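Residue-level structural notes
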Amino acid sequence: MSEAVHPAAKSAYRRILLKLSGDSFGRPGETGISVTSVDSIALQIKNIMRSGAQLAIVVGGGNILRGRALAASPNINQATAHYMGMLATVMNGLALHDCLESVGVPSRLQSAIRMEGVAEPFIRRRCIRHLDKGRVVILAGGTGSPFVTTDTAAALRAREIDASVLLKATRVDGIYSDDPEKNPHAVRYSEISYQDMLVQNLGVMDAQAVHHCKEHNLPIIVFNFKKAGNIERVIAGERIGTRVVSPAQLSEARVDTTTG
Ligand code: UDP
């Protein structure tokens, strides 16, 4: 991710749920946490806070461990593997919390798995109170239950805290008809309905998360967080990445082959 920080425009959204996958915390192809990457995220978040938005962040853990990576292990129960994955998200949350503090962003870390020594428990009302006071709330530990992903946690938390949008930060420019790295004819959708995303099984986000958003008409925006200035553009309401909305909210032009 570039370290360039652009001036913040006013936020188009009152309360934002940002989903940061574990990939954002590491280096491509490597396991673990890259402090340079986390510092860079912290600076981007500092800029988001200048836009006047309230921000809660659900952190993933895939840079450290995903439960399914241990699926073949005969001696580790699948549920245990998923709990290990959830603990990985707490490590990313701890790193982000400190890096945010180091750049002067007031923040709190809440975990769905209780561990009072390092994080507050996730308590919906307390989370909202922090947001109302202008603190970033980092939500770690996923849902606290195994067999799902932090995408589902993001959708559930977005609903719980009454977020106006779920921003899904990725390394690609949005949702494509096919894998753009394998198929040169793949096109990027500027918009897609929840239903089409589910039917086409596009794999950007887990189906449960999309279902939750669909039921409650919560817009999802999938965008490239690694491009300098993109987060500011999304928050200002610019049409970049891919918007996932109900059919009634779709506009005419849905396919866009430009990057953004
Ligand atoms: N996980 C879980 N329950 C949850 C959230 C996450 O069991 O509510 C586990 C799951 O094993 C997952 C891992 O934690 O693979 C890390 O989360 P995720 O894969 O969503 O991280 P990301 O892909 O966003 O880096």
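Below, the structure is looked at part by part. Everything numeric here is computed off the predicted structure, so don't read it as measured data. (Residues numbered from 1 in each chain as written. Predicted model: local features only at pLDDT ≥ 70, side-chain atom pairs only at ≥ 80, totals over all residues. Heavy atoms only, no water.)

A closer look at the site of the ligand
Threshold: A molecule or strand has a residue near it when one of that residue's heavy atoms lies within 4 Å. Pairing of N or O atoms within 3.5 Å defines a polar contact, subject to two protein rules: one partner must be a possible hydrogen donor and the other a possible acceptor, and residues neighboring in sequence count only if both atoms are side-chain atoms. The helix and strand labels rest on DSSP assignments: H or I over at least four residues marks a helix, E over at least two residues marks a strand, and numbering proceeds from the N terminus. Side-chain classes follow a simple rule in which Ala, Val, Leu, Ile, Met, Phe, Trp, Tyr, Cys and Pro form the nonpolar group, Asp, Glu, Lys and Arg form the charged group, and the remainder, Gly included, forms the polar group.
By nearness alone, 20 residues border the ligand, and Gly-22, Gly-62, His-82, Thr-143 and Thr-150 come closest of all. Measuring from an oxygen atom of the ligand, one finds a side-chain N or O atom of Arg-66 at 2.9 Å. Contacts to the ligand include Ser-145, whose backbone N or O atom sits 2.7 Å from a nitrogen atom. The element best represented in the shell around the ligand is helix α2 (residues 78-102), accounting for three residues. Along the lines of polarity and charge, the residues of the shell around the ligand split into five nonpolar, 13 polar and two charged.

Regarding the pattern of salt bridges
The cut-off we apply is this: Throughout this description, the term salt bridge denotes a Lys or Arg side-chain nitrogen within 4 Å of a carboxyl oxygen of Asp or Glu. Categorising residues by exposure relies on relative accessible area from a 1.4 Å probe, with only protein chains included: less than 20% of the type maximum marks a residue as buried, more than 50% marks it as exposed, and the intermediate range marks it as partly exposed.
Per the stated rule, a full pass over the model turns up 13 salt bridges. A salt bridge links Arg-157 to Glu-160, with the shortest nitrogen-to-oxygen separation between them at 2.6 Å. Residue Arg-157 and its partner Glu-160 are both found in helix α4 (residues 150-160); the two are separated by three residues, about one turn of the helix. Given a relative accessible area of 10%, Arg-157 falls into the buried group. Put simply, Lys-19, Asp-151 and Lys-168 are held in one network by salt bridges that share partners.

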